[in-house]
Amino acid sequence: GIQVEQSPPDLILQEGANSTLRCNFSDSVNNLQWFHQNPWGQLINLFYIPSGTKQNGRLSATTVATERYSLLYISSSQTTDSGVYFCAVASNAGNMLTFGGGTRLMVKP
Amino acid sequence: GAVVSQHPSWVICKSGTSVKIECRSLDFQATTMFWYRQFPKQSLMLMATSNEGSKATYEQGVEKDKFLINHASLTLSTLTVTSAHPEDSSFYICSVEGSLTGELFFGEGSRLTVL
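As the structure is a computational prediction, the values presented were derived from the model and not from experiment.

Caption draft 1: Representation of the interface of chain A and chain B in the model. Taken together, the 18 residues of chain A in the interface contact 21 residues of chain B. Summing both partners gives a buried area of about 1500 Å² for chain A against chain B, and 53% of it is carried by carbon and sulfur. Where chain A touches chain B, the interface holds six residue pairs in polar contact (both at pLDDT 80 or more). For the side of chain A that touches chain B, the secondary-structure elements that each account for two or more residues are β4 (29-37) and β5 (43-48) of chain A. A total of four residues in the side of chain A that touches chain B trace back to one element, the largest contributor, which is β4(A).

Shown next, in the form of structure tokens:
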């Protein structure tokens, strides 16, 4: 099956700093989503982005499908941004999502 | 996007009992729902694909007799953990494909603790 790798696995930031999270995948995809998992476990949809660039407030994402990677940018980080960020993809063979290992982000005040 | 609700959010049970978890699509008719499991500090792993009106499709290594899935209507799928044991303690979360684009939306999750 498709492989999804996220980096870095852990990230500590000072409030106000910017960061870039990376997601590499091993095959063509027809779906790529970024999620934020809050402390209660709920997955919050951030972006549906199988290709191209999108922005939502302080967050933006870019997927370069031909090179099989996606980037999530967080600008002016806040303590409420803390949590785990997951990238998940679905290959052209089906629409069930395969998750990467996640990036655990801690933003310190 | 689709609104997905799970119940219960938390459940604690004794070893050997069975536990049923419900996943409801509140504003969208879902012919397909997906069940995932997440162990502490790990990623989400797909357990099975729930198909309305037919048998679920299980991922390799997931026991279908252990994790019974029923998708009797377009808005409800249930996961029953039969004869639960402590190693079944986990976070179980369902998802629904909410639009023609294939974007998936997730329920709040159900945390199972087996004593």
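Caption draft 2: View of the sheet that holds strand β8 (residues 69-74) of chain A. All names here are of chain A. As summarised here, the arrangement of the five strands in space is β1-β3-β8-β7-β6, forming an open sheet in which the pairing is antiparallel. Because the sheet does not close on itself, it has two edges, and the strands there are β1 (4-7) and β6 (52-56). Across the sheet, the mean angle from the axis of one strand to that of its neighbour is 15°, orientation sign disregarded. Sheet analysis places β6 next to strand β7 (residues 59-64), joined by five bridges and oriented antiparallel. Residue pairing in the sheet places Gly52 in a bridge with Thr63 of β7.

Caption draft 3: How the structure looks around the state of the cysteines. Residues and elements named next belong to chain A. Scanning the entire structure with this criterion turns up two disulfides over all chains. Cys23 shares a disulfide with Cys87; S-S distance 2.0 Å. One quick way to see it: the torsion about the S-S bond of Cys23 and Cys87 is about -55°, and its sign makes the bridge left-handed. A residue pair is termed long-range when its members are at least 10 positions apart, and Cys23 in strand β3 (residues 19-25) and Cys87 in strand β9 (residues 83-91) qualify at 64 residues. Classification of Cys87 by relative accessible area gives buried; the value is 0%.

Caption draft 4: Quick look at the pattern of salt bridges. Under the criterion given, the structure shown has three salt bridges over all chains. With a shortest N-O distance of 2.8 Å, A:Asp81 and A:Arg58 are connected by a salt bridge. Taken as a pair, A:Asp81 in the loop between β8 and β9 and A:Arg58 in the loop between β6 and β7 lie far apart in primary sequence, 23 residues in all. Overall, A:Asp81 belongs to the buried group, its relative accessible area being 7%. Where B:Glu22 meets B:Arg24, a salt bridge forms, and the shortest distance between an N and an O atom there is 3.5 Å.

About the thresholds
Residues numbered from 1 in each chain as written. Chains lettered and ligands numbered in written order. Predicted model: local features only at pLDDT ≥ 70, side-chain atom pairs only at ≥ 80, totals over all residues. Heavy atoms only, no water. Contact = heavy atoms within 4.5 Å. Buried area = accessible area lost by both parts, 1.4 Å probe. Polar contact = N/O pair within 3.5 Å; in protein donor to acceptor, adjacent residues only side chain to side chain. Helix = DSSP H or I, 4+ residues; strand = E, 2+ residues; numbered from the N terminus. Pairing = 2+ DSSP bridges. Axes fitted to C-alpha atoms, helices over the stretch in contact; angles between N-to-C directions. Disulfide = S-S within 2.5 Å. Buried < 20%, exposed > 50% of the residue type's maximum accessible area, 1.4 Å probe, protein only. Salt bridge = Lys/Arg side-chain N within 4 Å of Asp/Glu carboxyl O.

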